[in-house]
Amino acid sequence: MTDTHSSETNAPEKTMGPVPELDELNSFFWTSGADGQLRMQYCEDCQYWQHPPSVCCRKCLNEDIAPKPMSGTGTVAALTVNRMPWIPGLKIPYLLVIVELDEQQGLRLTSAMPAAEPGSVSIGDKVKVSFEQREDVWMPFFALQ
Ligand SMILES: [Zn+2]
């Protein structure tokens, strides 16, 4: 997996950067959208969600943590409009967002809202996840609820 940064000129329009590199820890997250559900690691011992994935719970160091399905809903915590075609074929402009997920205060995911018009989304808006399959990865994106 070293060729994810190739610059094919006839590649379809992209709504975000290259697909992420999968490893043992993060592959569940990037393939979770195959059944339409967002998943993050959850510690049953201390009821704590965490992202990005780690080998143990960041709060209580429990190593027995597992991916758990989530509602996929959240609130826009920060947003920025990207107007730079920083990779070939990237669709611009598009909204980059940081979404705070409903499951836990402070649990945030950096993503994008490719279907939303810049200017139509504000901090505090309620959003819901959707997925776009690219190669063996399901990229989580958000849209207004
Ligand atoms: Zn824990």
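Throughout what follows, the structure given in this document is the object of discussion. (Residues numbered from 1 in each chain as written. Predicted model: local features only at pLDDT ≥ 70, side-chain atom pairs only at ≥ 80, totals over all residues. Heavy atoms only, no water.)

### Quick notes on the packing of aromatic side chains
Consideration 1: Enumeration according to the criterion identifies two aromatic pairs in this entry.
Consideration 2: Centre to centre, the rings of Phe29 and Trp30 are 4.9 Å apart; their planes meet at 85°, and the pair counts as edge-to-face.
Consideration 3: Of the residues examined, Phe29 reaches a relative accessible area of 1% and is grouped as buried.
Consideration 4: On the basis of relative accessibility, which here comes to 18%, the residue Trp30 falls in the buried class.
Consideration 5: Pairing Tyr42 with Trp49 gives two aromatic rings, centres 4.7 Å apart and planes at 50°, and the pair type is tilted. When sorted by exposure, Tyr42 lands in the same class as Trp49, which is buried.
Consideration 6: Just above the ring of Tyr42 sits the side chain of Lys68; from NZ or CZ to the centre is 4.1 Å. (Phe/Tyr/Trp six-rings, centres within 6.5 Å; stacked < 30°, edge-to-face > 60°. Buried < 20%, exposed > 50% of the residue type's maximum accessible area, 1.4 Å probe, protein only. Lys NZ or Arg CZ within 6 Å of the ring centre and 35° of its normal.)

### Here's the deal with the coordination of the zinc ion
Consideration 1: On the protein side, the zinc ion has Cys43 (SG), Cys46 (SG), Cys57 (SG) and Cys60 (SG) as donor atoms, found 2.2 to 2.4 Å from it.
Consideration 2: The coordination sphere of the zinc ion comprises four donor atoms, whose angles at the metal cover 105 to 116°; the geometry is tetrahedral.
Consideration 3: Note on Cys60: relative accessible area 34%, which makes it partly exposed. (Donors = N, O, S within 2.8 Å, 3.2 Å for Na, K, Ca; no water. Tetrahedral: all angles 85-135°; square planar, octahedral: opposite > 155°, others 65-115°.)

### Focus: the side chain of Ser54
Consideration 1: Here Ser54 lies in the loop between β2 (48-50) and β3 (66-69).
Consideration 2: Under the relative-accessibility criterion, Ser54 is labelled buried at 16%.
Consideration 3: Excluding its chain neighbours within four sequence positions, the residues that come into contact with Ser54 are Leu25, Gln41 and Ile65. (Helix = DSSP H or I, 4+ residues; strand = E, 2+ residues; numbered from the N terminus. Contact = heavy atoms within 4.5 Å.)

### Description of the pattern of salt bridges
Consideration 1: Counting across every chain of the model gives four salt bridges.
Consideration 2: The partner of Arg39 in a salt bridge is Asp35, and the shortest N-O contact between them spans 2.7 Å.
Consideration 3: Note on Asp35: relative accessible area 48%, which makes it partly exposed.
Consideration 4: For the salt bridge of Asp102 with Lys126, the shortest nitrogen-to-oxygen distance reads 3.1 Å. Pair noted here: Asp102 is in the loop between β5 (94-101) and β6 (108-113) and Lys126 is in strand β7 (residues 126-134), with a separation of 24 residues, a long-range link.
Consideration 5: Judged by its relative accessible area of 39%, Asp102 falls in the partly exposed class. (Salt bridge = Lys/Arg side-chain N within 4 Å of Asp/Glu carboxyl O.)

### Some points on the sheet that holds β2
Consideration 1: With respect to topology, three strands assemble into an open sheet ordered β2-β1-β3, the strand pairing being antiparallel. Only two strands of the sheet have a single partner each, and these edge strands are β2 and β3. The mean inter-strand angle of the sheet, taken between neighbouring strand axes irrespective of direction, is 50°. (Pairing = 2+ DSSP bridges. Axes fitted to C-alpha atoms, helices over the stretch in contact; angles between N-to-C directions.)

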